[in-house]
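What follows is the residue order along each chain.
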Amino acid sequence: MSRKEISKTKKNISNKTIKSLDGKKVEIFPYGLITGLSQVKPIFLFKDKEEKDFLPVWLDFSEVDSIHQILQPQLHKNHPYFAHVKILDKLKTSVTTCTFNKFDGYRLYADVLLETANGAHLISERAEDVVCLALAAKARFFTTSKVIDACREIKDFEKLKEIENNLESYQNVQKYLM
C-alpha cells in the first residue's frame, strides 16, 4: 500500500470515528492522578487545552503504577509498555490516536488508531485497557464534549457501588498476597 493510500485510509478511519461521536471534537492532554469515589478505583484525568474541561478515566492500581512510570521515563526507562512500543516499531506499527468515544454509565470506551505499512486499523476497547499503551506510544488523545458531559453523571450508581464493593474485597485480599 502506498503512503498516499495509507494516509487516505487513516483519514477515513479517523473521520469515521469522530463522525460517529456526538458533540464537538476536543483534543485532550494528560493531567494527573486523583482518587475517585473510593480509594479502590483511582482516576487519571485528561484536560482540554484551556483546562476548562476534564475527562476522568477510571483505572486499576496496576495502571496507576504504569502511568506514573510512563510519565517519568527518565526514572523508568525499562517499563514493559516501552517494550510494547518497541515491538510495535519493529513491526512498523504505531499507535497514533486514542479517542474516548463512549461512556455507558460507569465505563469509558476508546478507539485506538494503529498505523501499519499495510494501512490503518481501528481497535475499540475499554479505556482503562488502552490508556497506558497510548501514553507510552505518545499518541494524541481526543474525545467529544458529549463524552465529557456524560462522564460528569454517573447514571448507574448501584452498579458502580457493586463493582466498588467487589474491588474493595479484592484489594483487602491482595495485601496478604504480596
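What you see is a predicted model; the values in this text were computed from it and never measured. (Residues numbered from 1 in each chain as written. Predicted model: local features only at pLDDT ≥ 70, side-chain atom pairs only at ≥ 80, totals over all residues. Heavy atoms only, no water.)

With respect to the helices and strands, the residue aspartate 111 is situated in strand E5 (residues 108–116). On the basis of relative accessible area, aspartate 111 is assigned to the buried category, the value being 7%. At a separation of 2.4 Å, a polar atom in the side chain of aspartate 111 contacts the side chain of serine 124. (Helix = DSSP H or I, 4+ residues; strand = E, 2+ residues; numbered from the N terminus. Buried < 20%, exposed > 50% of the residue type's maximum accessible area, 1.4 Å probe, protein only. Polar contact = N/O pair within 3.5 Å; in protein donor to acceptor, adjacent residues only side chain to side chain.)

Turning to the pattern of salt bridges, a few remarks are in order. Taken as a whole, this structure holds four salt bridges when the rule is applied. Here glutamate 27 makes a salt bridge to arginine 140, at a shortest N to O gap of 2.9 Å. Here the residue glutamate 27 occupies a position in strand E1 (residues 25–34), and arginine 140 occupies one in strand E7 (residues 140–144), the gap between them amounting to 113 residues. Judged by relative accessible area, arginine 140 falls into the partly exposed class, the value being 46%. One salt bridge connects arginine 126 with glutamate 128, and the closest N-O pair in it is separated by 3.7 Å. Relative accessible area serves as the criterion here: at 26%, arginine 126 is assigned to the partly exposed category. Linked by salt bridges that have partners in common, Arg126, Glu128 and Asp129 make up one network. (Salt bridge = Lys/Arg side-chain N within 4 Å of Asp/Glu carboxyl O.)

Looking now at the environment of threonine 93. Positionally, threonine 93 belongs in the loop between helix H3 (80–90) and strand E4 (94–103). For threonine 93, a relative accessible area of 10% puts it in the buried group. Separated by 28 residues in the primary sequence, threonine 93 and histidine 121 have C-alpha atoms spaced 9.9 Å apart. The residues touching threonine 93, leaving out its near neighbours within four places in the chain, are Leu88, Leu114, Glu115 and Thr116. A distance of 3.3 Å separates a polar atom in the side chain of threonine 93 from the backbone oxygen of leucine 91. (Contact = heavy atoms within 4.5 Å.)

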